[in-house]
Amino acid sequence: ILRLRREFELVSKFNFTNVFLMVRDILDLAGTDLHIIRGSASCSLICYLLGISHIDPIANNIRLARFMNDFRKDLPDIDIDISHKVRDKLFAAIYAKWPNQVARISNKVKYRYKSAIHQAMRQCGYKGRIPRNVILSKLMPHRADDVINKATKLIGKRRLYSLHCGGIIFFKDDVPSKLKIGRNQIKYDKNDVEDKGLLKIDILSNRALSQLRDLSDRPLSDYPEKDEQISALFATGDVIGLTFAESPTFIKASKAVKPTNVEELSIALALIRPAAASRGKKSSFLDNWLYNRTINQIVFEDDAINKIMAFLNCSEDEADHFR
């Protein structure tokens, strides 16, 4: 009850209500199709009680501060993973429910050295296919300096708009015509959306959900937390053919952790993620696990929050802010 009261206080304080309701509406449009929520939204008890997330943050002792806290003023992210086979159908249903109020966002692709050289060559009159390894002294001996000067000015400037992998935003009124690129895409990228305080929801494709969908219509929440046969599979590293589990590094992680439940499996997955792997620490993490030297390991952001709280004797929100 205290956790739920705290979440409602934050939702009310920062006016986040519409985020939860919009995501719930989108999932209703998806019907019985399997979905998962990635990222910190699984820290929210409201998300769990609304059926947005399948993870109970109380039972799993997950800190709320990672999702929302007194220091966070921007809208919290709730990213949805859904089967790649039904995502286009879901987008169509969203456009139908909120006509001309929803748009996909863009990536602003900028010129880098190579693309700038190619564009400058065209501007200086080069025709035809540009080879992979450009040697200006051979291809354009009389315009090489001009090409380099033009390319230098292009680097860092916007080259084109590409479609974001899954981000959509909602407008209270119609999508401004001046922002449109094509039918359902606009010029804003994720930074523009954040700066303007617009509601963005990522709807992302997940091939593993597609595979699971083909095998069974069983809800994700109905799968057991523990399974002896699955545990034996991961402990031996015999995981070839399992999506997200085939890399040599993950096989090493699963042998080290020997996961017996969903939480321990997520530890094995977290150990091969970029954050844990930075500055060459991936192997040391796994070697420490193999030799049971785990007492000082920080795997999840929650681990860092807990250590900061204990060290500084501060609140959860302050600890996340310091993190």
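Structure shown above.
From a predicted model like this one, the values you see are computed outputs, not experimental measurements.

Considerations on the state of the cysteines
Inference 1: Scanning the entire structure with this criterion turns up zero disulfides.
Inference 2: Cysteine C43 remains unbridged, with the sulfur of C47 as its closest cysteine sulfur at 9.2 Å.
Inference 3: Given the relative accessible area of 1%, C43 is considered buried.
Inference 4: You can see C314 has no disulfide; the closest cysteine sulfur is in C43, sitting 17 Å from it.
Inference 5: Judged by its relative accessible area of 15%, C314 is buried.

Considerations on the pattern of salt bridges
Note on pairing: side chains with opposite charge can pair once their charged atoms come close.
Inference 1: Going through the model one piece at a time under the given rule, you end up with 17 salt bridges.
Inference 2: Linking K200 and D202 is a salt bridge whose minimum nitrogen-to-oxygen distance equals 3.0 Å.
Inference 3: Salt bridges sharing common partners tie together R6, E9, K13, D70 and D317.

Points about a nonpolar patch on the surface
Inference 1: There is a patch of nonpolar side chains on the surface, built from F311, L312 and F322 and spanning about 390 Å² of accessible area.
Inference 2: Positionally, F322 belongs in helix α16 (residues 316–322).
Inference 3: Of the residues examined, F322 reaches a relative accessible area of 55% and is grouped as exposed.

So, the environment of K73
Inference 1: Considering the arrangement of structural elements, one finds K73 in the loop between α3 (45–49) and β2 (79–83).
Inference 2: Classification of K73 as exposed rests on a relative accessible area of 59%.
Inference 3: For the pair K73 and Q119, spaced 46 residues apart in sequence, the C-alpha to C-alpha distance is 41 Å.
Inference 4: Setting aside chain neighbours within four positions, we find K73 in contact with F14 and F16.

Quick notes on the layout of surface pockets
Inference 1: Taken as a whole, the second largest pocket holds about 310 Å³ of empty space.
Inference 2: Take the lining of the second largest pocket: its biggest share by element is four residues, from helix α2 (residues 17–30).
Inference 3: When the residues that make up the lining of the second largest pocket are grouped by side-chain class, the tally is eight nonpolar, four polar and one charged.

Re unusual backbone geometry
Inference 1: Unlike most non-glycine residues, F244 shows phi in positive territory, near 75 degrees.
Inference 2: With a phi close to 50 degrees, K258 is a non-glycine residue in the positive phi region.
Inference 3: With respect to the helices, strands and loops of the structure, K258 is situated in the loop between α11 (248–257) and α12 (262–271).

What to know about helix α5 (residues 113–123)
Inference 1: The complete set of buried residues in α5 reads S115, A116, I117, H118, A120 and M121.
Inference 2: One or two residues past the end of α5 sits G125, with phi positive at roughly 105 degrees.

Side note on helix α4 (residues 87–97)
Inference 1: Among the residues making up α4, those that are buried are R87, L90, F91 and I94. Here the buried residues of α4 occupy an arc of 100 degrees about the axis, which is enough to place them on one side. Along α4, exposed side chains directed more than 90 degrees from the buried face belong to D88, K89 and A96.
Inference 2: Those residues of α4 that are buried lie in contact with α2, β2, β3 (102–110), β4 (158–170) and β7 (199–206).

Concerning the environment of L139
Inference 1: Looking at the secondary structure, you find L139 in helix α6 (residues 136–139).
Inference 2: Using a relative accessible area of 30% as the deciding quantity, one classes L139 as partly exposed.
Inference 3: Taking the C-alpha atoms as reference points, L139 and M121, separated by 18 residues in sequence, lie 9.4 Å from one another.

The rules behind the values
Residues numbered from 1 in each chain as written. Predicted model: local features only at pLDDT ≥ 70, side-chain atom pairs only at ≥ 80, totals over all residues. Heavy atoms only, no water. Disulfide = S-S within 2.5 Å. Buried < 20%, exposed > 50% of the residue type's maximum accessible area, 1.4 Å probe, protein only. Salt bridge = Lys/Arg side-chain N within 4 Å of Asp/Glu carboxyl O. Patch = residues over 30% accessible without salt bridge, like charges linked within 9 Å, V, L, I, M, F, W, Y side chains within 5 Å. Areas by Shrake-Rupley, 256 points an atom, 1.4 Å probe, with all protein chains shown as cover. Helix = DSSP H or I, 4+ residues; strand = E, 2+ residues; numbered from the N terminus. Contact = heavy atoms within 4.5 Å. 1 Å grid on protein atoms, 1.4 Å probe; cavity = no way out; pocket = protein on both sides within 12 Å on 5 of 7 lines; lining within 4 Å. Points joined across faces, edges and corners; volume = space filled by probe spheres on them. Nonpolar A, V, L, I, M, F, W, Y, C, P; charged D, E, K, R; others polar. Arc of directions from axis to C-beta.

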